[in-house]
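Here's the letter readout for the chains.
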Amino acid sequence: DVMTERSIHIRNYRRHSPAASLADISVDLVFENGEQKAYSYEGADGFRYKYEYYENGNEKYYSYAWPDGSKEEFEYSENGKPKHSVYYNSDGSRNEVEYDENGNILKQEFYDENGELTGSETYSYEYYEDGTIKKQTQIDVDGRRYEREY
């Protein structure tokens, strides 16, 4: 049976948890045209994660959230390389990362709990003909320049 344009949701699935004797969890599976498009999980302990997928099966997005309020999110290109990520700390501060088409870090920005930019780092790359990194240049939050040759 091929599923078309509908969702399947599995809720209140019980499983054995190493952290507790039995924990209630909620699992959502979303299908379109017979293909899994998303998956999410939430445990009674407050831990949550979510995945979304492209048509080709590669991850499009994922997030993890911990009970203390910290969280990380990743967005991917259709070819499976990271595009953007954010790390949220429990105090409200965050670190945002932008990537190039090869999945290498281009920029990191650091924000305090009020959303104010407190610093940034930039990266640039030189490549060999085969596409591997030849040289990485980093400018850190204090303006220091670092060069790494591979």
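The structure presented is a predicted model; accordingly, all values stated were derived computationally and were not measured. Residue positions are given per chain, counted from 1 along the sequence in the order it is written. Reporting in this predicted model follows two pLDDT cut-offs: at least 70 for local features of residues, and 80 or more for side-chain atom pairs to be given and counted; totals over whole chains, interfaces and linings ignore these cut-offs and use all residues. To obtain the side-chain values, all non-hydrogen atoms of the structure were used and water was disregarded.

> Give me the lowdown on the overall build of the chain, citing residues and values where you can.
Per the secondary structure count, the chain includes 0 helices and 12 strands. By definition, any uninterrupted DSSP run of H or I lasting at least four residues is a helix, any uninterrupted run of E lasting at least two residues is a strand, and each is numbered from the N terminus. Listed by position from the N terminus, the elements making up the chain come as β-β-β-β-β-β-β-β-β-β-β-β. Residue exposure (1.4 Å probe, protein chains only): buried if accessible area is under 20% of the type maximum, exposed if over 50%, otherwise partly exposed. Counting all 150 residues of the chain, 35% fall into the buried class. Whether two residues are in contact is decided by their heavy atoms, any of which lying within 4.5 Å being enough. Of the contacts formed within the chain by residues at least 6 apart in sequence, a portion of 7% connects residues at least 24 apart. Counting only carbon and sulfur atoms, one obtains 44% of the accessible surface of the chain, whose full area is about 9800 Å². Values of accessible area rely on a 1.4 Å probe in the Shrake-Rupley scheme; residue burial ignores everything except the protein chains shown.

> Explain the packing of aromatic side chains residue by residue, including any values.
Only centres within 6.5 Å qualify two rings of Phe, Tyr or Trp (six-membered ring in Trp) as a pair; their planes then separate them into stacked at under 30 degrees, edge-to-face at over 60, and tilted for everything else. Taken as a whole and assessed by the stated rule, the structure comprises 19 aromatic pairs. Consider the rings of Phe-47 and Tyr-64, whose centres lie 6.3 Å apart with planes at 20°: the pair is stacked. Of this pair, Phe-47 sits in the loop between β3 (35–43) and β4 (48–53) while Tyr-64 sits in strand β5 (residues 59–65); the two residues are 17 residues apart in sequence, bridging distant segments of the chain. Taking 6.4 Å as the distance between ring centres and 10° as the angle between the ring planes, the aromatic pair formed by Tyr-51 and Tyr-53 counts as stacked. Judged by relative accessible area, Tyr-51 falls into the buried class, the value being 14%. You can call Tyr-53 partly exposed: its relative accessible area is 22%. Its guanidinium or amino end placed over the ring of Tyr-111, Arg-94 lies 4.0 Å from that ring's centre, counting from NZ or CZ. Counted as over-ring charges are cases with an Arg CZ or a Lys NZ within 6 Å of the ring centre that also lie within 35 degrees of the ring normal.

> Any chance you could break down the side chain of Ser-77 for me, citing the residues and the numbers?
Here Ser-77 lies in the loop between β6 (71–76) and β7 (82–88). Judged by relative accessible area, Ser-77 falls into the buried class, the value being 17%. Other than its neighbours up to four places away in sequence, Ser-77 contacts Tyr-54, Glu-59 and Lys-83.

> Lay out the pattern of salt bridges in plain terms, naming residues and giving numbers.
Here, a salt bridge means any Lys or Arg side-chain nitrogen found within 4 Å of an Asp or Glu carboxyl oxygen. This structure, assessed with the given rule, holds 9 salt bridges. A salt bridge links Lys-107 to Glu-109, with the shortest nitrogen-to-oxygen separation between them at 3.6 Å. Glu-109 sits in the buried class, given a relative accessible area of 19%. A salt bridge links Arg-145 to Glu-147; the nearest nitrogen and oxygen atoms lie 3.0 Å apart. Given a relative accessible area of 42%, Glu-147 falls into the partly exposed group. The network of salt bridges with shared partners includes Lys-135, Arg-145 and Glu-147.

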